[in-house]
Amino acid sequence: MVSLGMQGKKEYQEKLFTDFRLSDRVPEGNFYRRLKGALDLDFLYPRTKRFYGDSGQKSIDPVVFFKLCLVGYLENIPSDRRLVAHCGMRLDILLFLGYGIDEELPWHSTVSRTRQLFPESVFEEVFAKVFSLCVESGLVSGHTQVMDSAPVKANASMDSLELKVPEEELETHLRRVRHISATDREKPLRKSKTDRSKADQRRITANEQELKALKGRNRKWAKEQDQRPGSGNKGSKYTSNKTHYSPTDPDARISVKPGKARKLNYTAQLTVDTANHVITDIGAYHADGKDNQHLPDMVKRVGPRLWKEGLGWENVVADTGYSSGENYMPFWNNVV
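Since the structure is predicted, the reported quantities are computational estimates derived from the model, not experimental observations. (Residues numbered from 1 in each chain as written. Predicted model: local features only at pLDDT ≥ 70, side-chain atom pairs only at ≥ 80, totals over all residues. Heavy atoms only, no water.)

Overview of the packing of aromatic side chains
Here is step 1: Scanning all chains against the criterion turns up nine aromatic pairs.
Here is step 2: On the numbers, 5.2 Å between centres and 75 degrees between planes, the contact of Phe31 with Tyr32 is edge-to-face.
Here is step 3: The exposure class of Phe31 is partly exposed, given its relative accessible area of 43%.
Here is step 4: With a relative accessible area of 3%, Tyr32 lands in the buried category.
Here is step 5: With a centroid separation of 5.8 Å and an interplanar angle of 65 degrees, the aromatic rings of Phe51 and Phe118 are classed as edge-to-face. One end of the pair, Phe51, is in the loop between helix H3 (44-48) and helix H4 (62-74); the other, Phe118, is in the loop between helix H7 (108-117) and helix H8 (120-136), and 67 residues separate them in sequence.
Here is step 6: Judged by its relative accessible area of 22%, Phe51 is partly exposed.
Here is step 7: Among the aromatic residues, those joined into a cluster by ring pairs are Phe51, Tyr52, Phe65, Phe66, Phe118 and Phe123. (Phe/Tyr/Trp six-rings, centres within 6.5 Å; stacked < 30°, edge-to-face > 60°. Buried < 20%, exposed > 50% of the residue type's maximum accessible area, 1.4 Å probe, protein only. Helix = DSSP H or I, 4+ residues; strand = E, 2+ residues; numbered from the N terminus.)

Structural data, given as structure tokens:
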């Protein structure tokens, strides 16, 4: 026999009763514990009351919902299913949400439905409140703002893209203005179950000059790509926002980054204060627009927000994608 001496050996055994306090297990300096003390979202109760009925089962607490959204951002978890599972394994997040270890978190489907319940204005109010707290803490200077964009993948497949319908008869129009690939002559690779698009989103809105520019590219594509192995696979056909739309997500747009495949995306435009890298504004735009086209709208959003908090805005830092004569015009008018 081998003597273990003073060596310990831990064996786990379930207990029928236990004496446990969640606050005792989360250190005072823990990030989520400190955030819980600093972030007060009780103003959401009167703001969101009108979106609920007077009968039926009680919904998820709106404060808990927005805290879950914040945790998803901080932990970089885009999936509601994964988010709920992750929160259930973290004592500090449970304390932040106000749940005990023996309480069941909301279903992931409930979180998804609640996100669709609230309009954009409610999310905007939460953003403005958190931004105001950052200003009160001295984290925002307002002097210099940095702007940049990033593609956000849409929840839609390129396989389900369908051809837009022109005002005139479709086949006559296609023979006249463009040469289509074999995949477009047939039905989509994956037929969408529902079509959420509106009538104007299913119609071709490009003018003759734009369609003629596409004609050469589509002819070359049809000649070369249709002969290649795997030409019927995902992404094999030449697609354009002028001629195709997504029935699953009609607001998504086809876009591409150098070295990347063509995808259905949105464009997120962010403005960040240089003092402590606090986000001062974020907006979603169609992915087929250019950064310089979005700049005026971003300025209209950021300026009043900084002014409301008593902050002056002097400089904008952005890459050349935001440069255009129209955007420089207000500056030259002030100089003259």
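Details of H8
Here is step 1: The end-to-end C-alpha distance of H8 is 25 Å, a good match for the 24 Å that 17 residues give at a rise of 1.5 Å each.
Here is step 2: All of the buried residues along H8 are Val122, Val126, Phe131, Ser132, Cys134 and Val135.
Here is step 3: Summarising the contacts, the buried residues of H8 are in contact with H3, H4, strand S6 (279-286) and helix H12 (291-308). (Expected span 1.5 Å × (residues − 1). Contact = heavy atoms within 4.5 Å.)

As for unusual backbone geometry
Here is step 1: In this model, Asn76 sits at a positive phi of 60 degrees, which is unusual for a non-glycine residue.
Here is step 2: You can see Asn76 is positioned in the loop between H4 and helix H5 (80-88).
Here is step 3: The phi dihedral of His277 is positive, around 60 degrees, even though this residue is not glycine.
Here is step 4: Along the polypeptide, His277 turns up in the loop between strand S5 (263-273) and S6.
Here is step 5: Residue classification places His277 among the exposed positions, given a relative accessible area of 64%.

All quantities given are derived from atomic positions and should not be read as evidence of function.
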